[in-house]
There are 2 protein chains.
Amino acid sequence: MTAPSAESPDRRIAFQGEPGAFSEEAALRFLGPAIVTVPRPTFDSTFRALAEGAADALLVPIENSLAGSVLRVYELLLEGDLWIAAETILPIEHHLIGCPGATLEQIRSIESHPMALAQCERFISAHPGWKRIPVEDTAGSVRDVVARDDRSRSAVAGRRAAEIYRGAILASDIQDNAENFTRFVLLTPAHDTAPGADKTTLAVRLAHRPGALLAALEPFARRGMNLLKIESRPIHGCPWEYQFFLDVEVPSLGRLEDALRELRGGSQDVRQLGVYAAARPGPLSTI
Amino acid sequence: MTAPSAESPDRRIAFQGEPGAFSEEAALRFLGPAIVTVPRPTFDSTFRALAEGAADALLVPIENSLAGSVLRVYELLLEGDLWIAAETILPIEHHLIGCPGATLEQIRSIESHPMALAQCERFISAHPGWKRIPVEDTAGSVRDVVARDDRSRSAVAGRRAAEIYRGAILASDIQDNAENFTRFVLLTPAHDTAPGADKTTLAVRLAHRPGALLAALEPFARRGMNLLKIESRPIHGCPWEYQFFLDVEVPSLGRLEDALRELRGGSQDVRQLGVYAAARPGPLSTI
């Protein structure tokens, strides 16, 4: 257990992935270049970084506009006691990255995580002679290509990976769909409500009977509080119960407290996972 | 455009993946060994198989218990005019597959799609000397390992892949989480209601105002119709509108028609994507 340094008591931010990952890019853009980013291989080990004294907060993806919610992050939120203190939305822009000095004409192979390759199908099919190589990490593919100094190899990753591994961007924004956004949340041990907070995330567990969800939504609708996102999940081992995750607009903290009081009176189990300022502007903030 | 053969007019089932994929396994278990399975590389080309005369129906995954909803399938359902005629749930069981005659002791590498490797972390960490090789397809990894006849190589995939490529299962059920299920839907051009249908899937588009969802759920709750799944999605290009996908229990077709009539009177846009018999038993049928 390392003691936090005196200069940066709240500035060590753990993220899932290798240095240069989109999560690290989101953390630096959102929190500024003074933070120390702490890479972790999995979501589970990212969440453990706080208890291990290796980080002061986490920045993790919770939703992508193409791939949907990141279920493991929701599960880990429920298993632990962290708090959503803020959110930020990062456009996911894939770039073709090669060795310094390489040109597009020299490239003979393209490597990245299969999800990133799949999101760049149109660009890749325009280069039918290239060998397609799946690897386990987007940022790691850039590190490997630059380390080998082979001008025929290229990787697909974000701008930050090109910067830290000193790769050259040979083609930018090569993804098929321009509307590729990921919403990240900042998770902290303290359950503080930030100034300007206007959004809350709730986990509500309901019995499986007609109208149960309806009754849980009424306290918000009656107070003019917009629902921003809803998703149901089965509860393993409890076949007739289910878990809802709700994002709700918070016009005022007083109204939220009233609604929660009413909700807790009626349903089995309500947990507030955070109260924070909604990211604006961004397509995911307007679901 | 090929005319369907006289013997099997409704039996050519397109699926996404290589021969031996979990989708093909689900199709054969659900529809029996007499069907002809038609592999397609992407979801988009799977959906095109009907218009191209290459298949009579599709079987595609719509939800996985660990990874969540398959958003592209929902999008393609909205873009086209296919109908959910049935659903089936397949437990996703990963096996370690090697060449015939190979033993676990001889293995030095393990290859598969990164998602499959990630779902077998515990098993893989118990073999720290093995090289981990990401590839683009689970079934394809078995095909390659067996074709090379190298007893030090192994792949991770389902039972069907071992069968068709004649690989040997060296270790079975190696996934970390036993509760890994995928729900598949059978999609047909005809909008028929199967006998015993007791579930419907709806796409409802609502304006972004407090209580809009509540008003859309009321017609079901008042008629004692359970909600089985709900998910909201942003509508690209329409910042203040959103799309809900609902699975609702259907106690009787008459009650469903009444509820839909009421719903259509109030909300902007309701589309029925299918009426079918819920898969039972299975954890995903009881959300």
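In this text, all values refer to a predicted model and were calculated from it rather than measured experimentally. (Residues numbered from 1 in each chain as written. Chains lettered and ligands numbered in written order. Predicted model: local features only at pLDDT ≥ 70, side-chain atom pairs only at ≥ 80, totals over all residues.)

A. Highlighting the relation of the copies chain B and chain A. The transformation that overlays chain B on chain A combines an axial shift of 0.1 Å with a rotation of 180 degrees, and the residual RMSD is 0.0 Å. Here the copies are linked by what is in effect a two-fold axis. Among all residues of chain B, the minimum C-alpha distance to the rotation axis is found for B:Glu231, at 2.3 Å. When you check the interface residues of chain B against chain A, 100% turn up at the interface there too, and the contact is symmetric in its surfaces. (Least-squares fit on C-alpha atoms with pLDDT ≥ 70 in both. Contact = placed C-beta atoms within 7 Å.)

B. View of the sheet that holds strand β6 (residues 95-98) of chain B. Residues and elements named next belong to chain B. Pairing is mixed across the open sheet formed by five strands, whose spatial order is β8-β7-β9-β6-β10. If you trace the sheet from one side to the other, it starts and ends with β8 (131-134) and β10 (168-171), each paired once. Between one strand and the next, the sheet's axes are offset by a mean angle of 35 degrees, whatever the strand orientation. Sheet analysis places strand β7 (residues 109-112) next to strand β9 (residues 153-157), joined by three bridges and oriented parallel. In the sheet register, Ser 109 faces β9, and the bridge partner there is Arg 153. (Pairing = 2+ DSSP bridges. Helix = DSSP H or I, 4+ residues; strand = E, 2+ residues; numbered from the N terminus. Axes fitted to C-alpha atoms, helices over the stretch in contact; angles between N-to-C directions.)

C. Representation of the nonpolar core. Counting residues in each nonpolar core, the largest one holds 153 residues, and the members touching the most others are A:Leu58, A:Val60, A:Val142, A:Leu187, B:Leu58, B:Val142 and B:Leu187. Setting aside its immediate chain neighbours within four residues, A:Leu58 contacts A:Ile13, A:Ala14, A:Thr46, A:Phe47, A:Ala49, A:Leu50 and A:Leu187. (Core = buried A, V, L, I, M, F, W, Y, C linked by C-beta atoms within 7 Å. Buried ≥ 20, exposed ≤ 12 C-beta atoms within 10 Å, placed from the backbone.)

D. View of the sheet that holds strand β10 (residues 168-171) of chain A. All names here are of chain A. The five strands lie next to each other as β8-β7-β9-β6-β10, forming an open sheet whose pairing is mixed. The outermost strands of the open sheet, each flanked by one partner alone, are β8 (131-134) and β10. Neighbour-to-neighbour, the strand axes of the sheet open up by a mean angle of 35 degrees, direction not taken into account. Bridge analysis of strand β7 (residues 109-112) against β8 gives four bridges, and the strand direction is parallel. Across the sheet, the residue bridging to Ser 109 is Lys 131, located in β8.

E. Molecular detail of the environment of B:His208. Secondary-structure assignment places B:His208 in the loop between β12 (199-207) and α8 (212-222). Sequence separation of B:His208 and B:Glu241 is 33 residues, and the distance between their C-alpha atoms is 5.2 Å.

F. Main features of the interface of chain B and chain A. In this complex, chain B contributes 37 residues to the contact, which on the side of chain A involves 37 residues. Among the secondary structure elements, those contributing two or more residues to the side of chain B that touches chain A are β4 (68-69), α8 and β13 (227-234) of chain B. Take the side of chain B that touches chain A: its biggest share by element is six residues, from β13(B). Of the residues in the side of chain B that touches chain A, the class split is 21 nonpolar, 11 polar and five charged. (Nonpolar A, V, L, I, M, F, W, Y, C, P; charged D, E, K, R; others polar.)

G. Inspection of the domain arrangement of chain A at higher detail. Residue and element names in this part refer to chain A. As far as domains go, chain A holds domain 1 (12-91 + 180-188), domain 2 (95-171) and domain 3 (199-286). Its C-alpha centre places domain 1 at a distance of 22 Å from the equivalent point of domain 3. Each partner contributes to the interface: domain 1 provides 15 residues, whereas domain 3 provides 14 residues. Each residue belonging to the side of domain 1 that touches domain 3 can be placed in one class, and the counts come to nine nonpolar, three polar and three charged. (Domains from an automatic or database assignment.)

H. Examining the packing of helix α8 (residues 212-222) of chain A against α8(B) more closely. In contact at an axis separation of 10 Å, α8(A) and α8(B) are set at 150 degrees when each is read in the N-to-C sense. With respect to α8(B), the axis of α8(A) lies roughly antiparallel. Considering only the axes of α8(A) and α8(B), their crossing is left-handed. The segment α8(A) lies against α8(B), with A:Leu213, A:Leu214, A:Leu217, A:Glu218 and A:Ala221 engaging B:Leu213, B:Leu214, B:Leu217, B:Glu218 and B:Ala221. In terms of residue class, the contact of α8(A) with α8(B) is made up of eight nonpolar, no polar and two charged. (Parallel < 35°, antiparallel > 145°, perpendicular 65-115°, else oblique. Left-handed = near helix turned anticlockwise from the far one by under 90°.)

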